[in-house]
Amino acid sequence: MNLEYTPTTCPYCGCGCGFNLVSVDGRLVGVEPWKRNPVNEGKLCPKGNFSYEFVHRDDRLTTPLIKEGGKFREATWDEALDLVASKLSEMKESNAEQLAFLSSARCTNEENYVFQKFVRTVIGTNNVDHCARLCHGPSVAGLAQTFGSGAMTNSLESCAHADVVFLIGTNTLEQHPLMWRRVLQAKDKGAKIMVADPRFTPSAKQADLYLPFKSGTDVALLNGMMNVILEEGLEDKEFIENRTTDFEELKAMVKKYPVEEVSKITGVAPELIREAAIMYAKADNAALLFSMGITQHTVGTENVMSTSNLAMLTGNIGRPGTGVNPLRGQNNVQGACDMGALPVSFPGYQAVINEELVSKMETSWGCSALSPTPGLTVVEIMHAAHDGDIKGLYIMGENPMVSDPDIQHVEAALNNLDFLVVQDIFLTETAALADVVLPAMSWAEKDGTFTSTERRVQYVRKAVDGPGEARDDWAIVSEIATRMGSDLFNFNSPQEIFEEVRSVTPQYAGMNQERLSKPEALHWPCPDEEHPGTPILHAERFATADGLGVFKAIEWKPPAENPDEEYPFILTTGRSLFHWHTGSMTRRSETLDREMPSGWVEINTEDAAELGIKNKEMVRVKTRRGEIEIGAKVTPDIIKGTVFIPFHFAESAANILTSGDQLDPFAKMPELKVSAASVQKITG
Ligand SMILES: Nc1nc2c(c(=O)[nH]1)N[C@H]1C(S)=C(S)[C@@H](COP(=O)(O)OP(=O)(O)OC[C@H]3O[C@@H](n4cnc5c(=O)[nH]c(N)nc54)[C@H](O)[C@@H]3O)O[C@H]1N2
Ligand SMILES: Nc1nc2c(c(=O)[nH]1)N[C@H]1C(S)=C(S)[C@@H](COP(=O)(O)OP(=O)(O)OC[C@H]3O[C@@H](n4cnc5c(=O)[nH]c(N)nc54)[C@H](O)[C@@H]3O)O[C@H]1N2
Ligand code: SF4
Ligand SMILES: [Mo]
């Protein structure tokens, strides 16, 4: 018997926990804690614990598939790669801007790097994006404007040193469980926990102060809190004076938000807003944590900037236990952004519109004519495909048929394409629509790095062989590039790719194999090999040109769609502890699927009584886009007038209901957290 332990990084959330994959004779049998790992110190949540279960499923993709006459047939790699290379070459010749590419926050840095390099150097477009668009795009856009850098300011561990932790629009306990452990460590030391959320979530239940408020009213709530802070004279005058600009504009704006008015907008009692403001402002160190409740709005970027306002107003930046902390979602969404899987930037957030950077990248890559035109974003790509402006789409490791807003629109868009390539580990709802499906290795079968939410770059290590003929994502893309005539993809290993990543990504320049192999790994920015890495950002100065943080005076605007007579409820969507997004992996994990086999709609007890709806009864939820039938979860744990549906379940897909029509102007985020909906009892 050959028993092996392979230290690696969890494939699910951005906490980036480490553990050992245990294999016997080349098959995974479990996971074992890796106690020295500084992120999770041997602890795991259920998803990490059972992460190995989907790997050996017998419905893994094992050979390339080509669709003929509406049906898939198995194909050789040569056939499939030649087909993809020749089709893409032909379409590129006609117009490169008619091609678009979705990269993957589930894949490694090396794979994302190769993917965007392929799109830029071989295809010649910047039409490359990924799920960050539906996630923390507004965090990147918002924090870049206020702090000069779009990443989480502090480390996970830092949160344990807070005196107050303010969670707004994050259900940390369920979605970032090992970050939640740090929140509890702070609480054990006496810290107060505040939660603002329309749902009385498991996180909210452990809070000292809970603000139940209406979806889509975050700016009003935060302005109201700042109004109290200024009235009470609790602002940090020294910090404002020395480290920020544009305070007067903020002050004037916030004056317009007395708590009585804010209470009417948000539905939170004025005393509660006051209490929250004072609690946050009086803390020596207050950490603010946020996630999708803040970003998934047409005002997502403004919501994010409001959180920065609050932190700067009270001087809660640059020390342990403080900060503005967008909890990045996917295992490697931070890395996919860092690697330039974005339509506006090369690796390291170097703007594609900057001529100097374009020629710098041309020199580094040894190519010419890189496009200086920003590409399309995720939702724009779907709209363009729908309208016939995008004709070819290559998707690596995303499942938009379940995760993008307005699925019926997405389906029409994908069916309208001349050519769709999907590279995945399973035949997902999206892959089923493809012309060519390419089988990839899963995380347990490959080497590389993931960058976690705290900007920590960590190794992923191959524990077992992949199924059938599945190949590494980077190797598939490199092979297509080579078949299209490029000589820039002669990579032999992820290590070789990482060396190139370092050479073109300033934040990663100081990271070498020896340094990354240590359990503590490294946080970017790490500009040279002597640099210790940067767990806490903005300690002395912000990343803006003059080093000052910028206050943004922001007016509250209502969501794009509001309840009316026909659609009287606010529908908000999100996730649950046991499942991961489109369920492609967790619904194939026996243990996790058993915990939660089907979807539900959360509805307030009084609302349900008025509609005559009983717990677990099937109901119809409808919006202007479509309708679904789903079981009701009648509960007092959601505010009246709001319903919630997790988006994991394709058969009762939340995204049939959501809209992609209106987008945040800065980050192009759709309003996944607010739609107007009706709920009906199914009769007869
Ligand atoms: N188990 C599990 N964990 C995950 C994931 C998963 O699918 N499953 N996905 C990962 C990913 S990619 C991400 S991005 C994160 C997301 O992590 P979270 O953002 O924590 O998850 P969500 O459930 O999308 O939304 C968080 C909360 O926002 C609240 N909310 C709804 N509307 C509003 C509003 O208008 N304002 C405010 N302030 N709050 C509102 C919801 O009630 C919900 O409790 O989780 C990561 N972790
Ligand atoms: N209504 C609503 N919609 C949402 C959200 C919401 O809160 N509400 N949240 C949004 C957010 S924050 C996010 S991040 C997105 C997530 O949206 P997606 O990224 O589309 O969701 P996943 O299910 O994580 O899809 C990842 C795909 O990658 C595949 N995969 C896994 N590992 C590998 C690998 O190593 N290689 C390859 N090639 N493929 C692999 C999986 O099988 C799966 O098909 O959803 C967004 N959509
Ligand atoms: S907290 Fe996140 S990274 Fe840690 S085990 Fe759970 S899913 Fe994996
Ligand atoms: Mo996400």
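Residues numbered from 1 in each chain as written. Chains lettered and ligands numbered in written order. Predicted model: local features only at pLDDT ≥ 70, side-chain atom pairs only at ≥ 80, totals over all residues. Heavy atoms only, no water.

Moving on: the overall build of the chain. The number of helices and strands found in the chain is 24 helices and 28 strands. Computed over C-alpha atoms, the radius of gyration of the chain comes to 24 Å, within 12% of the 26 Å expected from 2.2 N^0.38 for 684 residues, which places it in the range of a compact globule. The C-alpha extent of the chain, read off along each of the three principal axes, is 70 × 70 × 55 Å. Within the chain, the fraction of its 684 residues that count as buried is 65%. When the accessible surface of the chain is summed, it comes to about 23500 Å², and 49% of that surface belongs to carbon and sulfur atoms. For the chain, the distance from the average site of its 64 positive side-chain charges to the average site of its 94 negative ones is 4 Å. (Helix = DSSP H or I, 4+ residues; strand = E, 2+ residues; numbered from the N terminus. Rg over C-alpha atoms; globule rule 2.2 N^0.38 Å. Buried < 20%, exposed > 50% of the residue type's maximum accessible area, 1.4 Å probe, protein only. Areas by Shrake-Rupley, 256 points an atom, 1.4 Å probe, with all protein chains shown as cover. Lys, Arg positive; Asp, Glu negative; His and termini not counted. Charge placed at Lys NZ, Arg CZ, Asp CG, Glu CD.)

What follows covers the site of ligand 2. Near ligand 2 you find 33 residues, and of these Ser-403, Asp-424, Lys-446, Thr-582 and Asn-655 are the closest. Contact distances for ligand 2 include 3.0 Å between a nitrogen atom and a side-chain N or O atom of Gln-296. Between Asn-399 and ligand 2, the recorded distance is 2.8 Å, taken from a backbone N or O atom to an oxygen atom. A total of 920 Å² of accessible area belongs to ligand 2 in isolation, and the protein chains cover 99% of it. Of all elements in the fold, only β17 (419-424) and β23 (569-574) reach the threshold of two or more residues within the shell around ligand 2. A breakdown of the residues in the shell around ligand 2 according to their chemical character gives 12 nonpolar, 14 polar and seven charged. Residues lining the shell around ligand 2 come from more than one domain, with at least three contributed by each of domain 1 (65-134 + 331-515) and domain 3 (569-681). (Near = heavy atom within 4 Å. Polar contact = N/O pair within 3.5 Å; in protein donor to acceptor, adjacent residues only side chain to side chain. Nonpolar A, V, L, I, M, F, W, Y, C, P; charged D, E, K, R; others polar. Domains from an automatic or database assignment.)

Right, let's talk about the domain arrangement of the chain for a bit. One can read the domain layout of the chain as domain 1 (65-134 + 331-515), domain 2 (137-326) and domain 3 (569-681). Just the C-alpha atoms count here: the centres of domain 1 and domain 3 sit 30 Å apart. Taken together, the contacts link 20 residues of domain 1 with 21 residues of domain 3. Across the interface of domain 1 and domain 3, roughly 1800 Å² is buried in total on both sides, 62% from carbon and sulfur atoms. Connecting domain 1 to domain 3 are one salt bridge. (Contact = heavy atoms within 4.5 Å. Buried area = accessible area lost by both parts, 1.4 Å probe. Salt bridge = Lys/Arg side-chain N within 4 Å of Asp/Glu carboxyl O.)

The subject of this paragraph is the sheet that holds strand β10 (residues 209-211). Strand pairs in the sheet, formed through backbone hydrogen bonds, run parallel or antiparallel to each other. Spatially, the five strands line up as an open sheet ordered β10-β9-β8-β12-β13, and their pairing is parallel. Edge positions in the sheet fall to β10 and β13 (324-326), since each of these pairs with one other strand and no more. The average angle at which neighbouring strand axes cross in this sheet is 15 degrees, direction not considered. Pairing geometry for strand β8 (residues 164-168) and strand β9 (residues 192-196), over five bridges, is parallel. (Pairing = 2+ DSSP bridges. Axes fitted to C-alpha atoms, helices over the stretch in contact; angles between N-to-C directions.)

Attention shifts here to the site of ligand 1. Near ligand 1 you find 34 residues, and of these Gln-175, Asp-197, Asp-218, Arg-575 and His-579 are the closest. One nitrogen or oxygen atom from the main chain of Leu-577 is found 2.9 Å from a nitrogen atom belonging to ligand 1. Isolated, ligand 1 exposes 900 Å² of accessible area, and the fraction of that covered by the protein chains is 100%. Among the secondary structure elements, those contributing two or more residues to the shell around ligand 1 are α5 (172-175), α13 (292-295) and β23. Residue composition of the shell around ligand 1, grouped by class: eight nonpolar, 19 polar and seven charged. Looking at the shell around ligand 1, you find at least three residues from each of domain 2 (137-326) and domain 3 (569-681).

With that out of the way, let us pick up the state of the cysteines. In a disulfide, the sulfur atoms of two cysteines are covalently bonded to one another. Inspection of the entire model under this criterion finds zero disulfides. In this model Cys-337 remains outside any disulfide bridge; the closest cysteine sulfur is found in Cys-131, 8.2 Å from its own. (Disulfide = S-S within 2.5 Å.)

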